[in-house]
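The residues making up each chain are set out below.
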Amino acid sequence: RSPKMRRTECVLLLSLLLFAFSFPAVAKKKDEKPKTLHVIGAGWSLTGSDVLAKALNVLGLGPTYHMGELLSGSAKGHVRQWIDHADGRKPMDWPALFENYSSVV
């Protein structure tokens, strides 16, 4: 991997960890829109995060935000937000980014 890619991955990982401590966990009712994240799995790519995301969904801790959603197109507009944040152009609006998710890996 290139040094820039490693730097970007570090920024994203640290950003997720900082986000984890900014909201208290609140239980959600069935079919209720998530109000906060319950699980944050921060790790490197190719470490089983896709399987973890699927497992969290099966266990009822989803919907789960996974970077694979950026590739599938289901998280429209998020690619630009991540790039701008990683390059230091814009601060991330964490609550807006994860407003429809209960978990993130």
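Here, the structure is the one placed above.
Procedures and definitions
Residues numbered from 1 in each chain as written. Predicted model: local features only at pLDDT ≥ 70, side-chain atom pairs only at ≥ 80, totals over all residues. Heavy atoms only, no water. Helix = DSSP H or I, 4+ residues; strand = E, 2+ residues; numbered from the N terminus. Buried < 20%, exposed > 50% of the residue type's maximum accessible area, 1.4 Å probe, protein only. Contact = heavy atoms within 4.5 Å. Areas by Shrake-Rupley, 256 points an atom, 1.4 Å probe, with all protein chains shown as cover. Salt bridge = Lys/Arg side-chain N within 4 Å of Asp/Glu carboxyl O. Pairing = 2+ DSSP bridges. Phe/Tyr/Trp six-rings, centres within 6.5 Å; stacked < 30°, edge-to-face > 60°.

Trainee: Residue-level account of the overall build of the protein, with values.
Mentor: Looking only at helices and strands, the protein features five helices and three strands. Secondary structure elements in the protein, listed N-terminal to C-terminal, are α-β-α-β-α-α-α-β. A buried classification covers 31% of the 105 residues belonging to the protein. Within the protein, contacts between residues at least 6 apart in sequence are counted, and of these 63% link residues at least 24 apart. Element-wise, carbon and sulfur atoms account for 64% of the exposed surface of the protein, whose accessible area totals about 6900 Å².

Trainee: An account of the pattern of salt bridges is requested, with residue identities and associated values reported.
Mentor: Side chains that differ in charge, positive against negative, can pair when their charged atoms come close. Enumeration according to the criterion identifies four salt bridges in this entry. In this structure, Lys54 and Asp50 form a salt bridge, with 3.2 Å as the shortest nitrogen-oxygen distance. On the criterion of helical spacing, the pair formed by Lys54 and Asp50 is a turn pair, its members being four residues apart in helix 2 (residues 49-58). Look at Lys54 and you get exposed, because its relative accessible area is 52%. Here the salt bridges share partners, and the residues they tie into one network are Arg80, Asp84, Asp87 and Arg89.

Trainee: Outline unusual backbone geometry, supporting the account with residue identities and numerical values.
Mentor: The residue after Gly62, namely Pro63, is reached through a cis peptide bond having omega 5 degrees. Positionally, Pro63 belongs in the loop between helix 2 and strand 2 (64-65).

Trainee: Break down the sheet that holds strand 1 (residues 39-40) for me, citing the residues and quoting the values.
Mentor: Spatially, the three strands line up as an open sheet ordered 1-3-2, and their pairing is parallel. The open sheet has two edge strands, strand 1 and strand 2, and neither has a second partner. Here strand 2 runs beside strand 3 (residues 103-104); their pairing, made up of two bridges, is parallel. Paired with Thr64 across the strands is Ser103, a residue of strand 3.

Trainee: If you had to explain the packing of aromatic side chains to someone new, which residues and values would you point to?
Mentor: Per the counting criterion, the structure on display carries four aromatic pairs. Aromatic rings pair up to connect Tyr65, Trp82, Trp94, Phe98 and Tyr101 into one cluster.

This is a description of form; function is not addressed.
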